[in-house]
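This is what each chain is made of:
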Amino acid sequence: MALVAFVVNQTLLRDPRQFVERCRAAAENRGLAPWFGPADAAQDSLALARCAVAAGASLVFAAGGDGTVRACAEALAGSGVPMAIVPLGTANLTARALGVPARPDRAIEAGFGGRDRAIDLGHLTRVEGAGGTWFAAMAGIGLDAAVVAAAGAQLKQRFGWAAYAAAGMRKLTTPSHEFTVRLDDDEPLRRRARSVVVANAGLLPGGFTLLPGASLDDGLLDVGILAPSGAWDWIRLAGRLLARDRRQDRALQRLQARRVQVSADGVLPRQVDGEIVPPGRALSVSVCPRALVVRLPG
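Analysis parameters
Residues numbered from 1 in each chain as written. Predicted model: local features only at pLDDT ≥ 70, side-chain atom pairs only at ≥ 80, totals over all residues. Heavy atoms only, no water. Helix = DSSP H or I, 4+ residues; strand = E, 2+ residues; numbered from the N terminus. Buried < 20%, exposed > 50% of the residue type's maximum accessible area, 1.4 Å probe, protein only. Areas by Shrake-Rupley, 256 points an atom, 1.4 Å probe, with all protein chains shown as cover. Pairing = 2+ DSSP bridges. Right-handed = clockwise from strand over helix to strand, strands pointing away. Polar contact = N/O pair within 3.5 Å; in protein donor to acceptor, adjacent residues only side chain to side chain. Contact = heavy atoms within 4.5 Å. Core = buried A, V, L, I, M, F, W, Y, C linked by side-chain atoms within 4.5 Å. Phe/Tyr/Trp six-rings, centres within 6.5 Å; stacked < 30°, edge-to-face > 60°. Salt bridge = Lys/Arg side-chain N within 4 Å of Asp/Glu carboxyl O. Axes fitted to C-alpha atoms, helices over the stretch in contact; angles between N-to-C directions. Left-handed = near helix turned anticlockwise from the far one by under 90°. Nonpolar A, V, L, I, M, F, W, Y, C, P; charged D, E, K, R; others polar.

## What to know about the overall build of the protein chain
Here comes step 1: Along the backbone of the protein chain there are 8 helices and 14 strands.
Here comes step 2: The burial tally for the protein chain puts 51% of its 298 residues in the buried class.
Here comes step 3: Here the protein chain has roughly 13000 Å² of accessible surface; of this, 52% comes from carbon and sulfur atoms.

## Considering the pairing of strand E4 (residues 83-87)
Successive residues of a regular strand alternate their side chains across the two faces of the sheet.
Here comes step 1: Buried residues dominate E4, accounting for 5 of its 5 residues.
Here comes step 2: Burial of E4 is two-sided: the residues Met83, Ile85 and Pro87 facing one way and the residues Ala84 and Val86 facing the other way are all buried.
Here comes step 3: Relative to E4, strand E3 (residues 57-64) runs parallel, the two being bridged by 5 bridges. Residue Ala62 lies in a different strand from E4, and its bridge partner there is Ile85.
Here comes step 4: Read as a crossover between parallel neighbours, the route from E3 over helix H3 (residues 66-76) to E4 is right-handed.

## Some thoughts on the side chain of Asp245
Here comes step 1: Relative to the helices and strands, Asp245 is located in the loop between helix H8 (231-242) and strand E12 (252-257).
Here comes step 2: Given a relative accessible area of 17%, Asp245 falls into the buried group.
Here comes step 3: Within the structure, the side chain of Asp245 is placed 2.6 Å from the side chain of Arg247, a separation counted as a polar contact.
Here comes step 4: If sequence neighbours within four positions are ignored, Asp245 has contacts with Pro212, Arg240 and Arg254.

## Quick notes on the nonpolar core
Here comes step 1: Met83 and Phe112 are the most contacted members of the largest nonpolar core, which has 52 residues in total.
Here comes step 2: Those residues within four positions of Met83 in sequence are excluded, and the remaining contacts are Val60, Ala62, Val69, Cys72, Ala73, Leu76, Leu292, Val293, Val294 and Arg295.
Here comes step 3: Counting residues in hydrophobic clusters, the runner-up holds 25 residues, among them Ile141, Val181, Ala193 and Leu283.

## Some words on the environment of Val277
Here comes step 1: Here Val277 lies in strand E14 (residues 275-296).
Here comes step 2: Between the alpha carbons of Val277 and Ala139 there is a distance of 9.9 Å; along the sequence they are 138 residues apart.

## Comments concerning unusual backbone geometry
For residues that are not glycine, phi is negative in most cases, and the peptide bond is trans in most cases.
Here comes step 1: Positive phi is not limited to glycine here, since Asp184 has a value of about 50°.
Here comes step 2: On the secondary structure map, Asp184 appears in the loop between strand E8 (177-183) and strand E9 (189-193).
Here comes step 3: On the accessibility criterion, Asp184 (26% relative accessible area) is partly exposed.
Here comes step 4: Despite not being glycine, Asp273 has its phi angle at roughly 50°, a positive value.
Here comes step 5: Checked against the element boundaries, Asp273 lands in the loop between strand E13 (259-272) and E14.
Here comes step 6: Overall, the relative accessible area of 4% leaves Asp273 in the buried class.

## As for the packing of aromatic side chains
Here comes step 1: For the structure on display, the rule yields 4 aromatic pairs.
Here comes step 2: Summarising the aromatic geometry, the rings of Phe6 and Phe36 are spaced 5.2 Å apart at their centres and angled 20° between planes, so their arrangement reads as stacked. Of this pair, Phe6 sits in strand E1 (residues 3-9) while Phe36 sits in strand E2 (residues 33-39), placing them 30 residues apart in sequence.
Here comes step 3: Given a relative accessible area of 22%, Phe36 falls into the partly exposed group.
Here comes step 4: One aromatic cluster is present, built from ring pairs that chain together Phe6, Phe36, Phe61 and Phe112.

## Considerations on the pattern of salt bridges
Here comes step 1: A complete count under the given rule lists 14 salt bridges for this structure.
Here comes step 2: For Glu21, the salt bridge goes to Arg24, with nearest N and O atoms at 3.6 Å. Within this pair, Glu21 and its partner Arg24 are both found in helix H1 (residues 16-28), separated by 3 residues, close to a single helical turn.
Here comes step 3: Overall, the relative accessible area of 28% leaves Arg24 in the partly exposed class.
Here comes step 4: Asp249 serves as the salt-bridge partner of Arg236, at 3.3 Å between the closest nitrogen and oxygen. Placement of the pair is Arg236 in helix H8 and Asp249 in the loop between H8 and E12, with a sequence separation of 13 residues.
Here comes step 5: Its relative accessible area of 28% is what places Asp249 among the partly exposed residues.

## Re the packing of helix H2 (residues 42-54) against H3
Here comes step 1: With their axes 8 Å apart at the nearest point, H2 and H3 run at an angle of 35° to one another. Handedness of the H2/H3 crossing: right-handed. Contact residues: Ala42, Ser45, Leu46, Ala49, Arg50 and Val53 in H2; Gly67, Thr68, Ala71, Cys72, Glu74, Ala75 and Leu76 in H3.
Here comes step 2: Per-class residue counts for the contact of H2 with H3 are 8 nonpolar, 3 polar and 2 charged.

Here is the structure:
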């Protein structure tokens, strides 16, 4: 009997037992043997997804937020084993980019009945204090990471994606920094900015689209350099992101590359798929084309 695995971040569920039974029934109704890995953190998800592959799973469900999805993606990269997503988090950026239904029951059905697609992953080759790591949606240094840190788990559980908006309002006065950005082998760009984001998917929490040209399978990373200078710049920028406006100016510059090296003039907050990593001065990112097979809604 074929094995299907469920890596479940149980901290995001009000009733983990009910969710597990729903997954078990969905698998057994299709003649599949369910395997469960209950996780309390992204590190647990990484180890559990690797165990699932070693046990012979033909499909792995990542049930959780972006951190759970990122960890499972890292474990499955290059394996050929498809990953399905059941979005349980606040932002669910990767799930949204893939068109996965927001309701868990519908996401489970989509995972079993969908089609496979190979997508790119980003690989951070240098994160001081954290080693290399993979990401599915985006990594960033500066203001974006400060907002993720300020949102916090308790605020997200209470207010959902609005926690990011509240945290962002508190962080709008965060000072800008000098960044050096090198794309592939081009000459370095030097910009004074609030944040630099390197992305595989262009969505932000709350319906904003930071990088409308980003595609999960184009073999490219999309880079956003955010440099609004005052309240009016922030207002204009928010309107453009909601409208998916592709225009660029000094407040937001968009670029593309296969390799991206970012360095800052000081130690700054950093995030990877909504998970805070140790602060540092740099991000060094490369794209790994079609490294992960994902299960899309049919």
